[in-house]
Amino acid sequence: RDDQYKLCGSNFYNIKRYSVIARNICIDLFKKSSLKNQNLAIASALTFGYKDELDSSTKHAFSSTGAMHVLAVSGLHVGIVFLIIQFILDIFPLLFRRIWMKYSIILLFMWFYALLTGLSPSVLRATTMLSFVVIGLMFNRNSSVYNSLAGSAFFLLLINPFLVMQVGFQLSFLAVLGILFIQPKIENAYKPKQYILKKIWTLITVSIAAQCATFPLGILYFHQFPNYFILSNLIVIPLAFVILFLGILLVLSSKLDYIFNAVGEVLNLVVEWLKKSVNYIDNLPLALTDGISISILESFLFYIIIIFFPVWQAS
C-alpha cells in the first residue's frame, strides 16, 4: 500500500551495498585468473558465497553428497579464517603479547571477511556466534561455549525475531550444538595413537555429530539423506580449507602478477580435484536416499532420541 514503502533515492547506500560491491571486486579478480566455467563458480561460492553461476548439476552433486554446506559461506569458513589469522599472529608472539590486541585483530579480520562475502545471513550468523566466543577469550573468560552460542542466538533474534523460522538459522545452530554436545562423546569412544589417524577420526566424528543434529530437519524440509556424507566430508572439508586460503591469497596478490598467476593455477587445480571428487561420490550406487517424508512430530521425536541417547550412554 501507499504507506508501506518509502522512496530512498537513487544514491542510497548502506553497508550491505558496499559489501556486495567489495565482493564483486573480488569475484572480478577470480575471473582474471586461471579459473573458468564451473571451477570459477565453485571457487566464488566457496570463498565468497556467490552461487549465482553454479549450474544445476553442480548444485545437485554437492547436495546429494552432503557437501552443500561448503558452498554456502557459514561457520566452517569463518572458523577457517579464524584459524588462519590466529596461526599468522602466533608466528609473531612478541608483537601480539597482549591477549586483547591479538583477539581484536582476529575480530577485525573476521568481520572484514564477512564484509567481503556480501554479509549474507549465514555468514552473519556464523561471525556473530564466533565473535561472542572470541570476546570471551579476549577478556580471558573461560565461559561456557553454550552460553556464547545462546548469547549470539539471542542477539540475532533481538535484531530480527523472524530468523527463528529460517531453515538456515535452524540448521546452523543445530549443527554447532551437535558438534559441541555429541562430537566429544563419539570421539572418546575410540582413541587412535597415530597423529594422522587422530585427525581423520576427529573429522569423522565432527561430520557424524553435525549430521546427527541436522538430519531430522533435513528430512523434514528436503526429504533426502546423503548416504556417503562421511566420505564426502573427509575430502571436501580439507580441500575447502585449502581453497579458502588460496582464494584469499589470490585477492591479496592481485597487484603481483607472477604470484597472482601461480596462485590462480594452483587454486584451479585444487577446485578441479574437489569437483571430480564430489562428482565421483555422487555417481556411486545408493549415494542418495530421497523421497523420505516425516511429520513435525516425528522430527521432534528424533531429537528426543538424539538428546537422550548420549545421556543414557554416559550413565
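Please refer to the structure higher up on the page.
Residues numbered from 1 in each chain as written. Predicted model: local features only at pLDDT ≥ 70, side-chain atom pairs only at ≥ 80, totals over all residues. Heavy atoms only, no water.

(A) Seen up close, helix α6 (residues 121-138). The end-to-end C-alpha distance of α6 is 25 Å, a good match for the 26 Å that 18 residues give at a rise of 1.5 Å each. Taken together, the buried positions of α6 are occupied by Ser-122, Val-123, Arg-125, Ala-126, Thr-127, Thr-128, Met-129, Leu-130, Ser-131, Val-134, Gly-136 and Met-138. In this fold, the buried residues of α6 make contact with α4 (75-91), α5 (99-116), α7 (145-159) and α8 (167-181). (Helix = DSSP H or I, 4+ residues; strand = E, 2+ residues; numbered from the N terminus. Expected span 1.5 Å × (residues − 1). Buried < 20%, exposed > 50% of the residue type's maximum accessible area, 1.4 Å probe, protein only. Contact = heavy atoms within 4.5 Å.)

(B) View of the environment of Gln-166. Its location among the elements puts Gln-166 in the loop between α7 and α8. Exposure remark for Gln-166: the relative accessible area of 33% places this residue in the partly exposed category. A sequence separation of 45 residues divides Gln-166 from Pro-121, and the C-alpha atoms of the two residues are 9.9 Å apart.

(C) Representation of the side chain of Ser-152 in the model. Structurally, the position occupied by Ser-152 is in helix α7. Once residues within four sequence positions are removed from consideration, Ser-152 is found in contact with Thr-128, Met-129, Phe-132 and Phe-173.

(D) Quick look at the pattern of salt bridges. With the rule as written, the count across this model stands at three salt bridges. A salt bridge links Lys-31 to Glu-53, with the shortest nitrogen-to-oxygen separation between them at 3.6 Å. Taken together, the residues span a long stretch of sequence, with Lys-31 in helix α1 (residues 15-32) and Glu-53 in the loop between α2 (37-48) and α3 (56-64) at a distance of 22 residues. By relative accessible area, which is 38% here, Lys-31 ends up partly exposed. By relative accessible area, which is 32% here, Glu-53 ends up partly exposed. (Salt bridge = Lys/Arg side-chain N within 4 Å of Asp/Glu carboxyl O.)

(E) Geometry of the environment of Leu-256. Within the secondary structure layout, Leu-256 lies in the loop between α11 (229-252) and α12 (257-282). The exposure class assigned to Leu-256 is partly exposed, which follows from its relative accessible area of 49%. Considering only alpha carbons, one finds Leu-256 and Leu-76, 180 residues apart in sequence, at a separation of 29 Å.

(F) Representation of α5 in the model. With 18 residues, α5 extends 26 Å between its outermost C-alpha atoms, agreeing within 8% with the 26 Å of an ideal straight helix rising 1.5 Å per residue. For α5, the full list of buried residues reads Lys-102, Tyr-103, Ile-106, Leu-107, Met-110, Tyr-113, Ala-114 and Leu-116. Contacts made by the buried residues of α5 are with α1, α2, α4, α6 and α11. Among the residues trailing α5, Gly-118 stands out with phi positive, at a value near 85°.

(G) Fine view of the side chain of Ser-64. Structurally, the position occupied by Ser-64 is in helix α3. Only 2.5 Å separates the side chain of Ser-64 from the side chain of Asp-282, close enough to count as a polar contact. If we ignore the near neighbours within four places in the chain, the residues touching Ser-64 are Pro-226, Asp-282, Ala-287 and Leu-288. (Polar contact = N/O pair within 3.5 Å; in protein donor to acceptor, adjacent residues only side chain to side chain.)

(H) Geometry of a nonpolar patch on the surface. Nonpolar side chains collect at one region of the surface, where Phe-132, Phe-154, Phe-155, Leu-158 and Ile-159 lie side by side and expose about 550 Å² of accessible area between them. Tallying contributions element by element places α7 first for the nonpolar patch, with four residues. (Patch = residues over 30% accessible without salt bridge, like charges linked within 9 Å, V, L, I, M, F, W, Y side chains within 5 Å. Areas by Shrake-Rupley, 256 points an atom, 1.4 Å probe, with all protein chains shown as cover.)

(I) Structural context of the packing of aromatic side chains. Enumeration according to the criterion identifies eight aromatic pairs in this entry. An angle of 85° between the planes, with centres 5.4 Å apart, marks the rings of Tyr-190 and Trp-201 as edge-to-face. Highlighted residues: Tyr-190 in the loop between α9 (183-187) and α10 (195-222) and Trp-201 in helix α10, separated in sequence by eleven residues. Ring geometry for Phe-215 against Phe-225: centres 6.2 Å apart, planes inclined by 85°, an arrangement best described as edge-to-face. With a gap of ten residues between them, Phe-215 in helix α10 and Phe-225 in strand β1 (residues 224-226) connect regions that are remote in the sequence. Linked through ring pairs, Phe-215, Phe-225, Phe-229 and Phe-302 together constitute an aromatic cluster. Over the face of the ring belonging to Phe-181 we find Lys-185, whose NZ or CZ atom lies 4.2 Å from the ring centre. (Phe/Tyr/Trp six-rings, centres within 6.5 Å; stacked < 30°, edge-to-face > 60°. Lys NZ or Arg CZ within 6 Å of the ring centre and 35° of its normal.)

(J) Broad picture of the packing of α2 against α11. Relative orientation of the contacting elements α2 and α11 amounts to 90°, with a least axis distance of 9 Å. Compared by their axis directions, α2 and α11 come out roughly perpendicular. Contacts between α2 and α11 pair Leu-46, Thr-47 and Phe-48 from the former with Ala-240, Ile-243, Leu-244, Gly-247 and Val-251 from the latter. (Axes fitted to C-alpha atoms, helices over the stretch in contact; angles between N-to-C directions. Parallel < 35°, antiparallel > 145°, perpendicular 65-115°, else oblique.)

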